[in-house]
Amino acid sequence: MDLILLGPPGAGKGTQAKMLTEHFGIPQVATGDILRGAVQAGSALGLKAKGFMDAGLLVPDEVVIGIVRERLLQEDCRAGFILDGFPRTVAQADALQSNLAELGRRLDRVVSLTVDADALVERLTGRRTCRSCGRGFHLTFDPPMVAGRCDACGGELYQRDDDREETIRKRLTVYAQQTAPLIDYYRSAKLLVELDGMQAIPVVQEQVLSALQAG
Ligand code: ADP
Ligand code: ADP
Ligand code: ZN
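A few points on the structure. (Residues numbered from 1 in each chain as written. Chains lettered and ligands numbered in written order. Predicted model: local features only at pLDDT ≥ 70, side-chain atom pairs only at ≥ 80, totals over all residues. Heavy atoms only, no water.)

The interhelical angle for the contact between helix α2 (residues 31–41) and helix α3 (residues 44–54), taken along N-to-C directions, is 115°, at an axis separation of 8 Å. Here the hand of the crossing between α2 and α3 comes out left-handed. Contacts from Gly-32, Leu-35, Arg-36, Ala-38 and Val-39 in α2 reach Leu-45, Gly-46, Ala-49, Lys-50 and Met-53 in α3. Looking at the contact of α2 with α3, its residues break down into 6 nonpolar, 2 polar and 2 charged. (Axes fitted to C-alpha atoms, helices over the stretch in contact; angles between N-to-C directions. Helix = DSSP H or I, 4+ residues; strand = E, 2+ residues; numbered from the N terminus. Left-handed = near helix turned anticlockwise from the far one by under 90°. Contact = heavy atoms within 4.5 Å. Nonpolar A, V, L, I, M, F, W, Y, C, P; charged D, E, K, R; others polar.)

Below you can see the structure in the form of structure tokens.
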């Protein structure tokens, strides 16, 4: 089960990916999480990525392509993976295809979540993320049981630096210009399943699962 979750910032990729990892027992590979981990660790990768992330811009293709290539070689990806936030450009999608081909693998499905721009802004401004496990919550739409604490691990919830309104607008523009073309890319490859991401989290979840179980 080699999957991509595609969609603009705030579409619900991370939320659905967490559910899918539990359901299928395959890892979520979220380039944003990997990059934030590197920034926090102060590694060379983190130093390189931070400026782009704070500005709402994409980290250069060669950097993220390398990260994903390494990650997919790890043992836990053998039975499958859920890519969340990668690919974000046509160059990344092409690189992924050739890396998978080298491993004798092929994508099974690309699930694209569609959400209105206004709803995206509302979701991202209200998003809170667990510092320890990366799980996402929403102040209104998916509140934690205890304010400020992660339901899954008890970790502290924080607001991402890039989930501020100006940076959100920039990320949405970058998505429209650089990532949205992947919808046609994967439609042409006959891998695309488009779902209405405006529905409530459990409804989207059910539709993602039934799309994956159908053939
Ligand atoms: P992405 O990974 O695509 O950026 P997230 O999964 O982090 O998106 O979701 C963004 C925010 O919206 C989070 O605060 C999450 O709790 C909330 N959210 C996710 N899916 C839905 C949904 N279907 N309806 C309402 N809010 C949602
Ligand atoms: P979102 O909630 O917008 O889906 P992510 O956590 O996936 O956010 O990404 C946060 C930031 O990390 C992006 O704005 C970008 O700077 C960087 N990033 C993540 N994935 C990629 C990628 N595939 N290519 C380039 N930059 C990336
Ligand atoms: Zn947590």
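Having put the structure on the table, let's press on.
All right, on to the site of ligand 1 then. Neighbouring ligand 1 are 18 residues; Lys-13, Thr-15, Arg-127, Phe-137 and Gln-199 lie closest to it. Interatomic distance of 2.8 Å between a side-chain N/O atom of Lys-13 and an oxygen atom of ligand 1. One of the backbone N or O atoms of Gly-14 is found 2.8 Å from an oxygen atom in ligand 1. Taking 560 Å² as the accessible area of ligand 1 by itself, protein coverage stands at 92%. Within the residue set of the shell around ligand 1, elements represented by two or more residues are α1 (13–24) and β6 (136–138). Element by element, the count of residues in the shell around ligand 1 is highest for α1, at 3 residues. Here the shell around ligand 1 is built from residues that sort into 7 nonpolar, 7 polar and 4 charged. (Near = heavy atom within 4 Å. Polar contact = N/O pair within 3.5 Å; in protein donor to acceptor, adjacent residues only side chain to side chain. Areas by Shrake-Rupley, 256 points an atom, 1.4 Å probe, with all protein chains shown as cover.)

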